[in-house]
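# Observations on the three-dimensional arrangement
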Amino acid sequence: MITYIIRRLFSALALLFAMSLITFFIFFVFPRLGGQTTESLAEQYVGKTQSPQAIAGVIHRFGFDQSVWVLYGRFIKGIFFGYDYDIGTQMAHCWAPCLGYSYKTNELVSHSIGQWFPVTFSLAIGSSILWLGFGIAAGIASALKKGTIVDRVGMITALVGVSLPVYLVGPLLMLAFVFNWHVFPDPGYVPFFRSPVDWLTHLLLPWISVAFGLAALYARLTRVGMLDTMNEDFIRTARAKGLHERTVIFKHALRAALTPIVTIFGMDLGFALGGVALAEQVFNLPGIGRQAVDAVSQSDLPVLLGITVVATAFIVLANLVVDLLYSVVDPRVRAS
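Here the structure is a predicted model, which is why all the values come from computation and not from measurement.

Definitions and limits used
Residues numbered from 1 in each chain as written. Predicted model: local features only at pLDDT ≥ 70, side-chain atom pairs only at ≥ 80, totals over all residues. Heavy atoms only, no water. Helix = DSSP H or I, 4+ residues; strand = E, 2+ residues; numbered from the N terminus. Expected span 1.5 Å × (residues − 1). Bend = angle between axes of the 7 residues up to and from the residue. Salt bridge = Lys/Arg side-chain N within 4 Å of Asp/Glu carboxyl O. Buried < 20%, exposed > 50% of the residue type's maximum accessible area, 1.4 Å probe, protein only. Patch = residues over 30% accessible without salt bridge, like charges linked within 9 Å, V, L, I, M, F, W, Y side chains within 5 Å. Areas by Shrake-Rupley, 256 points an atom, 1.4 Å probe, with all protein chains shown as cover. Disulfide = S-S within 2.5 Å.

## Considerations on helix α9 (residues 196-229)
- Taking 1.5 Å per residue, 34 residues should reach 50 Å; α9 reaches only 40 Å between its end C-alpha atoms and comes up short.
- Helix geometry: α9 is bent most strongly at Leu203, by close to 45°, with proline Pro206 lying one to four residues after it.

See below:
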């Protein structure tokens, strides 16, 4: 098992390195392949005063006059050892892990992501608890009550949930619970340690809007997995031994049906931590996803590169955790 963990760690690091290289080339090489010159790239960052001196200063600060391998080496060096950036009047030191410097906002990218990440983390963790809990519970109920009104209502609700996107569910929830009934305050972000109650009430509607569609998907997967598992020989053997029905369902049947759930949950959580852009846009939350959209509109390449690397790291980490959880959920993986 230790050898397997070490092998997965090395493969995760190799994947992160490959993704950082690909992402860097997309942002810094593809524009030149598309016909943009060094001067045209620099003009996007100069502003209104596009004098030759200003353009030359941007070219020097961004390193557009250097080879892409030098720029990539600088980027990797910043991640592991930090880097000093020339911001015109002085030098700005960026401690490792350094993800670059945004000359659009005049801020370190790692510092900016550190400010945005608590919002995205709160949104991702809260919504994942909802979609996982309610999805699995609804799937178990539908499987145990197959063909009844409980099963039909659950699957119809799941179909509706899968069909409704966040940008429709979110405004409907705000219209009903914020503007008409005044049950919840306007969605926003309040730091957890400042006020846990305000943190919960301000994020509850965004959690529900994100979790609604995913909970429906998890309910359908759990139902199918439970129905398949309940017909297995080991379930009949467990019942023949006289085990309590609750033990048969939750300790044997559900555990065996969780393998695909663990797989998809790791991917969904990784994507959510990388930035739930739609929910952050709808509810005006200053998270990583919303800032990525703003960076696209402003052509802020350092911010886009930093967010992409961070999002990729979370997805790779989520897959690594999923692989390790297989041995806990399914003993057959541990035996092999």
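Alright, that's what it looks like, and here's the rest.
## Some points on the pattern of salt bridges
- One pass over the structure, following the stated rule, counts three salt bridges.
- The partner of Asp151 in a salt bridge is Arg223, and the shortest N-O contact between them spans 2.8 Å. Separated by 72 residues along the polypeptide, Asp151 in helix α7 (residues 149-163) and Arg223 in helix α9 bring together distant segments of the chain.
- Assessed through its relative accessible area of 17%, Arg223 is described here as buried.
- Measuring nitrogen to oxygen at the nearest pair gives 2.8 Å for the salt bridge that ties Arg239 to Glu245.
- A residue is classified by how much of its surface remains accessible, and Glu245, at 34% relative accessible area, is partly exposed.

## What to know about a nonpolar patch on the surface
- On the surface, a nonpolar cluster with roughly 860 Å² of combined accessible area is contributed by Ile156, Val160, Leu164, Tyr167, Leu168, Leu172, Leu175, Phe179 and Leu278.
- Examining the composition of the nonpolar patch, we find that five residues originate from one element, helix α8 (residues 166-180), more than from any other.
- Following the sequence through the fold, Val160 ends up in helix α7.

## Topic: the state of the cysteines
- Counted according to the given criterion, the structure contains one disulfide.
- With a sulfur-sulfur separation of 2.2 Å, Cys94 is cross-linked through a disulfide to Cys98. One disulfide, between Cys94 and Cys98, carries an S-S torsion of 115° and so falls in the right-handed class. Side by side, Cys94 and Cys98 carry an identical accessibility label, which is buried.

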